Amino acid sequence: MVNFSLEGKVALVTGAAYGIGFAMAQALAEAGAKIAFNCRTQANMDKALEAYKALGIEAKGYICDCTDEAGVKAMVEDISATLGPVDILVNNAGIIKRIPMHEMAAEEFRQVVDIDLIAPYICAKAVLPGMMEKRAGKIINVCSMMSELGRETVSAYAAAKGGLKMLTRNIASEYGQYNIQCNGIGPGYIATPQTAPLREPQADGSRHPFDSFIVAKTPAERWGTPEDLMGPIVFLASSASDFVNGHVLYVDGGILAYIGKQPK
Ligand code: NAP
Ligand code: GCO
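Note that the structure is a prediction, hence the values are computed from the model and not measured.

### Section: the packing of aromatic side chains
- One pass over the full model with this rule turns up six aromatic pairs.
- Where F37 meets Y52, the ring centres are 5.0 Å apart and the plane angle is 45°; that geometry is what we call tilted. With F37 in strand β2 (residues 34–39) and Y52 in helix α2 (residues 42–54), the pair connects residues that are 15 residues apart, well separated along the chain. For the pair shown, F37 and Y52 are each scored as buried.
- Taken together, Y189, F210, F213 and W223 form an aromatic cluster joined through their ring pairs.
- Here R199 stacks its cationic end above the ring of W223, 5.3 Å away from the centre of that ring.

Here's what the structure looks like:
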C-alpha cells in the first residue's frame, strides 16, 4: 500500500513563519510529522507559533539565520535532542531582490545567493550525518520558475535557484547510496508576501501589469496559493517517493509547459 504517512518523523522547515513554508509545515504536520521551523525575528516567531497553535500544531520554533552555519548546527543538534534526529529537511527560506543586474551591487547579489543557495547547502550539511547514520532521509529544496527561466531584474535569484536545482541533483547523486532522497519542489507564481509587489493594484484600481501577465502565462489562469504546495510536499517527504531522487517537481499550474495566451 502506498504510504503518505509521516507518523514518527521529524521535519525541519526553514523560513516557515509564514508563506509557502508555513503551508508546507502545516501539511507535513497533518501527515503526522513533528515540526521544527526557524525564522530571523522574534516578532515573526511569536506570530507563527500562534498560527500553528490555532491549527493544533505544536511546532518548535528557532530564531536562526540559515546563513549562520554555527547557528544552524546548534539548531539541528537541539532538534535532535528534543524531538529526535531530522528525518525531513525542507530548505524553504529565501529572499529575492528585483534590481536590474547592471545596477545591482555585488553585495546585494551575494546576499541573495547566500540565503537562496549557500544556506540550503549549510542546512543540508547539518542534517546529513544523522540521515547517513539512520540510512534514511528526505531533503527537499524549494526551487523556482527561475530554476528554469530568466526574466528582467532577478539575475541573482535566478542564478541561486538554478544553482539550487543542480545542488539538488548533486546531493541526490552523492547520498542516494544512504537511502537519502533529495528532490526539489518548484512553485510557480504563488500569492505570498514575496510576490505581493507584483500583484498590487495600480493607482487607478486596475490590475498590476505583472499580475495580468502571469495569469496569461498560466494555463490554470490563476496565481498559485501556498495550499497548492501541501499535497506535493507530503508526497516528496513520504516513503511514497522513495524511488524519486534528483527530481524537481514543478507546481506551477502549467507555466513551464505553455507559450502563453495568444493576443486576441
Ligand atoms: P516569503 O513570504 O518572503 O517568506 C520567506 C520566509 O523565509 C520567511 O519566513 C522569512 O522569515 C524566511 N527567511 C528569509 N531569509 C531567511 C534567513 N536568512 N534565515 C531564515 N529564514 C529566512 O517567501 P515565500 O513566497 O513564502 O517563498 C518561500 C520560498 O519559496 C522561497 O525560497 C522562495 O524563493 C520560494 N518561491 C516562492 C515563490 C512565490 O511565487 N512566492 C515561487 C517559487 C519559489 P524571516 O524574514 O522572519 O526570517
Ligand atoms: C519574480 C517572482 C518569482 C517567484 C518565483 C517564481 O519576481 O519573478 O518573485 O521569482 O518568486 O520564484 O517561481
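Now, onward.
### Overview of the site of ligand 1
- Around ligand 1 sit 30 residues, and of these R40, N44, N92, Y157 and T192 come closest.
- Within the side chain of N44, one N or O atom sits 2.7 Å away from an oxygen atom of ligand 1.
- A distance of 3.4 Å is found between an oxygen atom of ligand 1 and a backbone nitrogen or oxygen belonging to G188.
- Calculation on ligand 1 without its partners gives an accessible area of 880 Å², and the protein chains cover 95% of this total.
- Judged by the proximity of its atoms to the pocket grid, ligand 1 belongs to the largest pocket.
- The set of elements that each furnish at least two residues to the shell around ligand 1 consists of α1 (19–30), β2 and α5 (155–175).
- Residues belonging to the shell around ligand 1 are distributed by class as follows: 16 nonpolar, eleven polar and three charged.

### Some points on unusual backbone geometry
- The residue R135 is not glycine, and still its phi comes out positive at about 55°.
- Residue placement: R135 occurs in the loop between α4 (106–134) and β5 (137–142).
- Looking at R135, the relative accessible area reads 47%, which means it is partly exposed.
- A positive phi angle, near 55°, is found at E221, a position not held by glycine.
- You can see E221 is positioned in the loop between α6 (209–217) and α7 (230–237).
- Residue classification places E221 among the partly exposed positions, given a relative accessible area of 46%.

### Focus on the environment of L128
- For L128, the position within the fold is in helix α4.
- A relative accessible area of 7% means that L128 is categorised as buried.
- Separated by 120 residues in the primary sequence, L128 and V248 have C-alpha atoms spaced 20 Å apart.
- When residues no more than four places from it in sequence are discounted, the contact partners of L128 are I139, Y175 and I180.

### Comments concerning the environment of I180
- Relative to the elements of secondary structure, I180 occurs in strand β6 (residues 180–187).
- The sequence separation of I180 and I122 amounts to 58 residues, and the corresponding C-alpha distance is 17 Å.
- Here I180 is in contact with L128, M131, M132, A136, G137, I139, Y175 and N245, once residues within four sequence places are set aside.

Criteria and cut-off values
- Residues numbered from 1 in each chain as written.
- Chains lettered and ligands numbered in written order.
- Predicted model: local features only at pLDDT ≥ 70, side-chain atom pairs only at ≥ 80, totals over all residues.
- Heavy atoms only, no water.
- Phe/Tyr/Trp six-rings, centres within 6.5 Å; stacked < 30°, edge-to-face > 60°.
- Helix = DSSP H or I, 4+ residues; strand = E, 2+ residues; numbered from the N terminus.
- Buried < 20%, exposed > 50% of the residue type's maximum accessible area, 1.4 Å probe, protein only.
- Lys NZ or Arg CZ within 6 Å of the ring centre and 35° of its normal.
- Near = heavy atom within 4 Å.
- Polar contact = N/O pair within 3.5 Å; in protein donor to acceptor, adjacent residues only side chain to side chain.
- Areas by Shrake-Rupley, 256 points an atom, 1.4 Å probe, with all protein chains shown as cover.
- 1 Å grid on protein atoms, 1.4 Å probe; cavity = no way out; pocket = protein on both sides within 12 Å on 5 of 7 lines; lining within 4 Å.
- Sits in = over half its atoms within 2 Å of the grid points.
- Nonpolar A, V, L, I, M, F, W, Y, C, P; charged D, E, K, R; others polar.
- Contact = heavy atoms within 4.5 Å.

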